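# Summary of structural features
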Amino acid sequence: EPEVTQTPSHQVTQMGQEVILRCVPISNHLYFYWYRQILGQKVEFLVSFYNNEISEKSEIFDDQFSVERPDGSNFTLKIRSTKLEDSAMYFCASSPIILGGYTFGSGTRLTVV
Amino acid sequence: LAKTTQPISMDSYEGQEVNITCSHNNIATNDYITWYQQFPSQGPRFIIQGYKTKVTNEVASLFIPADRKSSTLSLPRVSLSDTAVYYCLVGSDNAGNNRKLIWGLGTSLAVNP
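Just so we're clear, the structure is a prediction, and the values are computed from it rather than from any experiment.

## Structural notes on the overall build of chain A
Within chain A, the regular secondary structure consists of zero helices and eleven strands. Listing each helix as α and each strand as β along chain A from the N terminus yields β-β-β-β-β-β-β-β-β-β-β. Computed over the C-alpha atoms, the radius of gyration of chain A is 13 Å, within 12% of the 13 Å expected from 2.2 N^0.38 for a compact globule of 113 residues. Overall, the C-alpha framework of chain A stretches about 40 × 25 × 25 Å when taken along its three principal axes. Counting the 113 residues in chain A, one finds 47% classified as buried. A sequence separation of at least 24 residues applies to 53% of the contacts in chain A between residues at least 6 apart. By element, 47% of the accessible surface of chain A is carried by carbon and sulfur atoms, the whole surface being about 5600 Å². Between the centroid of the 9 positive side chains of chain A and the centroid of its 13 negative side chains there is a distance of 3 Å.

## Brief notes about the environment of Thr5 of chain B
All names here are of chain B. With respect to the helices and strands, Thr5 occurs in the segment before β1 (9-13). Residue Thr5 is classed as partly exposed on the basis of its relative accessible area of 48%. The sequence separation of Thr5 and Arg77 amounts to 72 residues, and the corresponding C-alpha distance is 24 Å. In this structure Thr5 touches Thr21, Cys22 and Ser23, once residues within four positions along its chain are discounted.

## Some words on the confidence of the model for chain B
As a general rule, the predicted coordinates of low-pLDDT regions are not to be interpreted in detail. Per-residue confidence for chain B gives a mean pLDDT of 90; residues scoring 70 or more make up 91%. Mean pLDDT across the elements of chain B ranges from a minimum in strand β8 (residues 84-92) of chain B, with 89, to a maximum in strand β6 (residues 61-64) of chain B, with 98.

## Notes on the state of the cysteines
Enumeration over the complete set of coordinates arrives at two disulfides over all chains. Here Cys23 of chain A engages in a disulfide with Cys92 of chain A; their sulfurs sit 1.9 Å apart. Taking the sign of the S-S torsion, -65 degrees for the link of Cys23 of chain A and Cys92 of chain A, the bridge is left-handed. Of this pair, Cys23 of chain A sits in strand β3 (residues 19-24) while Cys92 of chain A sits in strand β9 (residues 88-95), and the two are 69 residues apart along the sequence. We classify Cys23 of chain A as buried; its relative accessible area is 1%. Owing to a relative accessible area of 0%, Cys92 of chain A belongs among the buried residues under this scheme. Residue pairing for Cys22 of chain B: its cysteine sulfur links by disulfide to Cys88 of chain B, the two sulfurs lying 2.2 Å apart. One quick way to see it: the torsion about the S-S bond of Cys22 of chain B and Cys88 of chain B is about -80 degrees, and its sign makes the bridge left-handed.

## Thoughts on the environment of Leu62 of chain B
Residue and element names in this part refer to chain B. Mapped onto the elements of the fold, Leu62 is located in strand β6. Note on Leu62: relative accessible area 0%, which makes it buried. Along the chain, Leu62 and Ile27 lie 35 residues apart, while their C-alpha atoms are 16 Å from each other. Apart from residues no more than four positions distant in its own chain, Leu62 is found in contact with Ile33, Trp35, Ile48, Gln49, Gly50, Thr53, Lys54, Val55, Ser71, Thr72 and Leu73.

Thresholds applied
- All residue numbers refer to position in the chain's written sequence, counted from 1.
- The naming scheme follows written order: chains are lettered A onward, ligands numbered 1 onward.
- Two thresholds apply to this predicted model, a pLDDT of at least 70 for residue-level local features and 80 or more for giving and counting side-chain atom pairs, whereas whole-chain, interface and lining totals are computed over all residues.
- To obtain the side-chain values, all non-hydrogen atoms of the structure were included, while hydrogens and water were left out.
- Runs of H or I in DSSP of at least four residues are treated as helices and runs of E of at least two as strands, each being numbered from the N terminus.
- The reference for a compact globule is 2.2 Å times residues^0.38; the radius of gyration itself is calculated from the C-alpha atoms.
- For every residue, the accessible area obtained with a 1.4 Å probe (protein chains only) is divided by the maximum for its type, and the residue is called buried under 20%, exposed over 50%, and partly exposed between those limits.
- Any two residues having at least one pair of non-hydrogen atoms within 4.5 Å are treated as being in contact.
- Surface exposure here means Shrake-Rupley accessible area, sampled with a 1.4 Å probe, where a residue is shielded only by the protein chains that are shown.
- Neither His nor the chain ends contribute to the count of charged residues, in which Lys and Arg are positive and Asp and Glu negative.
- Every charge is mapped onto a representative atom, which is NZ of Lys, CZ of Arg, CG of Asp or CD of Glu.
- pLDDT is a per-residue confidence score from the predictor, ranging from 0 to 100.
- Cysteine sulfur atoms are paired as a disulfide whenever they come within 2.5 Å of each other.

Dropping the structure here:
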């Protein structure tokens, strides 16, 4: 079964540092997403990406965040200057253009210290 | 975006059928109903999606009444490994639309021996 792959599985960073979270979506999917989940809380939408541009973003996705699809396979989330409150699980997901659910990756646990 | 309401938690025993009901009174004409399962520290996993009546796959069944204001996820003969959080989401899944979904806290299902 095709998978969404995320790396690293766990990243610890110091406050103020930049981090890049990486994702390889399923190859024939066209929509890509980043979500985050703070421990014990809801899954929160960050951004959706289609046709090489952001199609929607949430209020969480401020100027500290950016996404990129640098080549035909990778999809990255960059946090420019991390804050303590950015500590969370970050999930990448992709979906096909036709009806169907999202396929999520296993997540990156980001810990900001 | 339609808001959903589900029980916070449910308990069951191995071998029983579990039915989790979700209310979505403000569902729009174009909205589909999608259920996900999430284990701790893992990404959500797509279970089933439907628009009306009944949908069945190898994992679950989804019952949607004619007014579509609620839906019921049915898990036949649950096992301990079905202990997880189950999310009901409602949103449009048509190509070209912004595909942001609002996640609630889900239903935490505990399956006991």
